[in-house]
Every structure is written in structure tokens, then in C-alpha cells.
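# What the coordinates show
As a plain string of letters, each chain reads:
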Amino acid sequence: MRNRQLARAPVSPETFEPRIVAFFCNWCTYLAADLAGTSRMKHAPNVRVVRLMCSGRLDPQFVLDAFAQGADGVLIGGCHPGDCHYQEGNYKTLRRYHLLKRLLQQMGIEEERCRLEWISAAEGDRVRSTINDMVEKVRALGPLHFNVEREDIEEEVTV
Amino acid sequence: MAKPKVAFYWCASCGGCEETVVDLAEAILDVAAAVDIVFWPVALDFKRKDVEAMDDRSLAVTFLNGAIRTSEQEEMAHLLRKRSGLLVAFGSCSHLGGIPGLANLFDRESILKTVYLNAPSDVNPGKTVPAMHYCDNGHALELPHFQSSVKTLDQVVEVDYYVPGCPPTPRILKKAVQTLLGADLPPKGTVLAPGAALCEECPRQDSKPEKLAIAEFRRPTQIVADEQTCLLAQGLLCMGPATRAGCEALCVNGNMPCTGCCGPTSRVQDQGAKILSCMASLIESKDDAGIDRALDAIPDPVGTFYRYGLPGSMLRQKRSNGVQVSK
């Protein structure tokens, strides 16, 4: 039987700590995150980073799966336009991101929960500020709770 | 030797899947010669109590079409699961949720309001809406519960095999029946259709350019599509690249783009995400404004990319702002 794995129990707004899954490309944003680390910059600890060879490798399924399994936000980091190690990968990401945002909005997921940023290998500070900013925005939105099964309501519907 | 017993049942569906059985034409005689159809509400007069009187696993195969929306459908799914050796999710609705699954974009209240009170075609001066319990002159009537979401069959009971399509073509059904009656059963959970994408069996495959770049998406009503050229190359949203093969490109042969009814290919979990990925990356523009302009031609991404599979997708249903309770 196909049932959703519940990754996380519902949390109350008071104890809520946003969980953000970040997908960083190997050549720019991941190096920038590395730079932020070696430069001892501090940022919010709410982000779990997944390294991809290219932001263009980001299958929209990864984003939907993250939300479905309990992420409150998804951050995508890639090289600046024109700087892609594979020339065109980040343009594909950009196009998919625009369409994905429209789809997420239809599914009731707020725009701020899925964010795309171009961060080059030299921009360690941009990693810090982007993460901090996103964590605060998602904290303000509250838990997403997409992974929580809805109860089959047995009472009458009143309209 | 007694012939294997077979049942057909329908839940939230339109009846098109039943039509497939009839569309077997003369091949239905072969099916009838090989099996005993003992329960088929759309065609034969057997009732639920007849199924209740059967022994567990006495039905060799049950083909169940339709999604699960009401408590009665869920009960029948459980009952038929118990009585059947093999349970087959038949057609898009029981496989992935189907067209009725798009109701997962709305909550129960707004569905009832729209259907019974607000639709322009409504004539309902008494503002009557279906009630679970109703009493008139001492006669109590009960209706099934209208549940909070549309579910695929396998979200309710164990499913052995899936037959895709809206509806499955007679050829897919015939092959599925042959497979199920044969000696070598495929592994449990198999979708009984080819695993590759529709483009693989599309007659226009050769006209699909090596590199596609779409400046503007078009709808079938906006152009007269050339009958030989790949529909994607003509700017039409053809779901072929992310849809399972098996239908022999029926829609494309009718000069209409594939709408994705056979669900994801064998290596993909979420068909909508995959087709979204494909369509978006074909856009020619490289800047925000140009991309947005191209995307404006897809006003309803969920309805387009999950037309037959929202309940079976990763997100399953629109997020509700109401109470969500963990099970």
C-alpha cells in the first residue's frame, strides 16, 4: 500500500524551527557555502545542504519530495547567468523554477518557501545573508505541514 | 476444471473503463470463454450481498476502476480486496486518481457549494444539499460519507497490478488479461504496459528535432496542427515525453497532443514534475520576463500536468488552511 512516510510530527508554532532543504551547485554556490564556513561566518542552522553537480540537475521532483516529506522551505543555489560550468544548466533551472513557482502557488504553498539565488564561489557572505533571510521569512510563515495526512472527516459537511 | 472467477467494479469514475471491456468486441468472447464474470454491476445484476456471501480469495482477479472518494467506495475496495486473489487498479482513476482527482484542489465545502448552490445551471430553490442522514415520514435514509480527499486505490488497500489509461485501450486490457491468466506473473506492483515514454512508439518520433526551443506555447484551438510533424515542435503541450507508452499514440494519431493519461514511466514517481521539467526547459527565452510571457500560455499548470494523477502525485492535494490531523 502506498502510504506516505511521515517524516515529522506536527509542531506547535511556539517551538517551530524551520527546516530548509538547500540544493547547491558544485561549482558556485556550494563553494560559496564552503567559503562561508572557512571564513567562520555564522548563519542560521536550519538548512540542510544537498550538493548537485549543477543547479540544472535539480529535478522538480526533488523539490516536491522535500515538501511532501516535511520541509518548510527549499533553497536552490546556482551560478550566475552566463557563468554556468555547463554553459546552459542554470538557464534551465531558471525556466523550471518559474513554472514550479506557479504550480506550488496552485497547491497552496507560499512563494517564499521556494527560492532561487545565484551565488558565485566568491560570495560566501551572500550564502549567509540568503539563508538568514529565508529562515526568518519561513519562520514568519509558520510550519508547512504538507506531510501530515488529513483525517477523513466523518461529520456532515455544512455549506 | 472450474473457470477462474473475475469481477469488475467501479468507484469514482465515469464508466469509460467499463466501455473498454465492451470495446474488446469479439475478443470479449475469448475472455468469457476463459473466465466466469461473477460480479459486474454495470452489466450484470449482482449485488453487494452476493460478494459478501463469497469466500475470501474466491475471486481470481478483480478489476476495480475509479478513484476512492466516499466511505462506500472504500468499504467495497476492502471487501473486494478480501475476496480476491489479485486486485488490479484498472484505469487512470484507480491507478493515480484520474480526472476526479483534480477535486483535491478544493475542499469539501466549496465542492458542495459550487455543485449544489452556485453553479449557473443550478435550479435549487430549496437549497437542498446531500445529507448523510435524512428522515422522511419515519423512513431513515443514509448516504455514504463524502471524504476529505480523493484517493488512489492503493492509498486504501493493497494493489497487485495496475492497468493504465483513461480509459485503458482494449489492446492494453487484452494483454493484461493474458498476462494475468498466464503462468508467469510479473512482480507485484507492476504497471501492465510498456515502461518507456510515449515518444518511443509515436509515429512522429522522427520529426522531433534534436534540439527543441519553444518561443510560444500554443493550444490545439489556436493552430491547425500539421499531421506529420512532432506536436511539441509545433508548440503544443504534448505530454508524450513523460507519459507511459502502450496506447499506440491514439491521441497523436487523431492530431491531438497527448494529455498524459497513462501516468508516469517506470522510472518516474511524479509525472507532473517531470513534464513540468521538460516543458519549462524547452522555453527559448533566458530572462525572467520572456520566460513568464511564455508560461502565461499555461494558465493551469496543475490541471495540465496532473490531469490524471493529482492524488497519486507527491503532493497529493492542495494544502488546506484548515485543521490537519496526523493519523
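### Examining the overall build of chain A
- For chain A, the count of helices and strands is 4 helices and 4 strands.
- Listing each helix as α and each strand as β along chain A from the N terminus yields β-α-β-α-β-α-β-α.
- Within chain A, the fraction of its 159 residues that count as buried is 47%.
- Counting contacts in chain A only where the partners sit at least 6 residues apart, residues at least 24 apart contribute 82% of the total.

### Some points on the sheet that holds strand 1 (residues 20–25) of chain A
Residues and elements named next belong to chain A.
- On the basis of which strands lie adjacent, the open sheet formed by 4 strands has the order 2-1-3-4 and parallel pairing. Pairing within the sheet leaves two strands with one partner each, and these edge strands are strand 2 (47–52) and strand 4 (114–118). When strand polarity is set aside, the average angle formed by the axes of neighbouring strands in this sheet is 20°.
- Summarising the sheet, strand 1 and strand 3 (residues 73–78) pair through 5 bridges and their orientation is parallel. Bridging across to strand 3, Ile20 finds its partner in Gly73.
- Packed onto the sheet, helix 1 (residues 29–38) meets strand 1, strand 2 and strand 3 and runs at close to 110° relative to strand 1.
- Relative to strand 3, helix 2 (residues 60–68) is tilted by about 150°, and along the sheet it contacts strand 1, strand 3 and strand 4.

### Remarks on the nonpolar core
- Formed by 130 residues in total, the largest nonpolar core has its most connected members in Ile20(A), Phe67(A), Val74(A), Leu64(B), Val88(B), Val163(B) and Leu276(B).
- The dominant element in this core, judged by the number of residues it contributes, is helix 3 (residues 89–106) of chain A, at 7 residues.
- Once residues within four sequence positions are removed from consideration, Val163(B) is found in contact with Val88(B), Phe90(B), Gly91(B), Pro168(B), Ile172(B), Leu173(B), Ala176(B) and Leu192(B).

### Brief notes about the packing of helix 3 of chain A against helix 9 (residues 271–281) of chain B
- Their axes nearest at 8 Å, the elements helix 3 of chain A and helix 9 of chain B cross at an angle of 130°. Comparing their axes, helix 9 of chain B and helix 3 of chain A come out oblique. Our pair here, helix 3 of chain A against helix 9 of chain B, has a crossing hand that is right-handed. Contact with helix 3 of chain A, carried on its side by Lys92(A), Arg95(A), Arg96(A), His98(A), Leu99(A), Leu100(A) and Leu103(A), involves Leu276(B), Ser277(B), Ala280(B) and Ser281(B) of helix 9 of chain B and no other residues of that element.
- The residue inventory of the contact of helix 3 of chain A with helix 9 of chain B, partitioned by class, reads 5 nonpolar, 3 polar and 3 charged.

### Regarding the domain arrangement of chain B
- Split into domains, chain B comes out as domain 1 (5–99 + 150–181), domain 2 (110–147) and domain 3 (198–305).
- Here the C-alpha centre of domain 3 of chain B lies 40 Å away from the C-alpha centre of domain 2 of chain B.

### Describing the sheet that holds strand 2 (residues 36–39) of chain B
All names here are of chain B.
- With parallel pairing, the 5 strands of this open sheet are ordered in space as 2-1-3-5-9. The open sheet has two free edges, formed respectively by strand 2 and strand 9 (161–163), since each of these has just one partner strand. Each neighbouring strand pair of the sheet contributes to a mean axis angle of 30°, computed without reference to strand direction.
- In this structure, strand 1 (residues 5–10) lies alongside strand 2, joined through 3 bridges in parallel fashion.

What counts, and where the lines are drawn
Residues numbered from 1 in each chain as written. Chains lettered and ligands numbered in written order. Predicted model: local features only at pLDDT ≥ 70, side-chain atom pairs only at ≥ 80, totals over all residues. Helix = DSSP H or I, 4+ residues; strand = E, 2+ residues; numbered from the N terminus. Buried ≥ 20, exposed ≤ 12 C-beta atoms within 10 Å, placed from the backbone. Contact = placed C-beta atoms within 7 Å. Pairing = 2+ DSSP bridges. Axes fitted to C-alpha atoms, helices over the stretch in contact; angles between N-to-C directions. Core = buried A, V, L, I, M, F, W, Y, C linked by C-beta atoms within 7 Å. Parallel < 35°, antiparallel > 145°, perpendicular 65-115°, else oblique. Left-handed = near helix turned anticlockwise from the far one by under 90°. Nonpolar A, V, L, I, M, F, W, Y, C, P; charged D, E, K, R; others polar. Domains from an automatic or database assignment.

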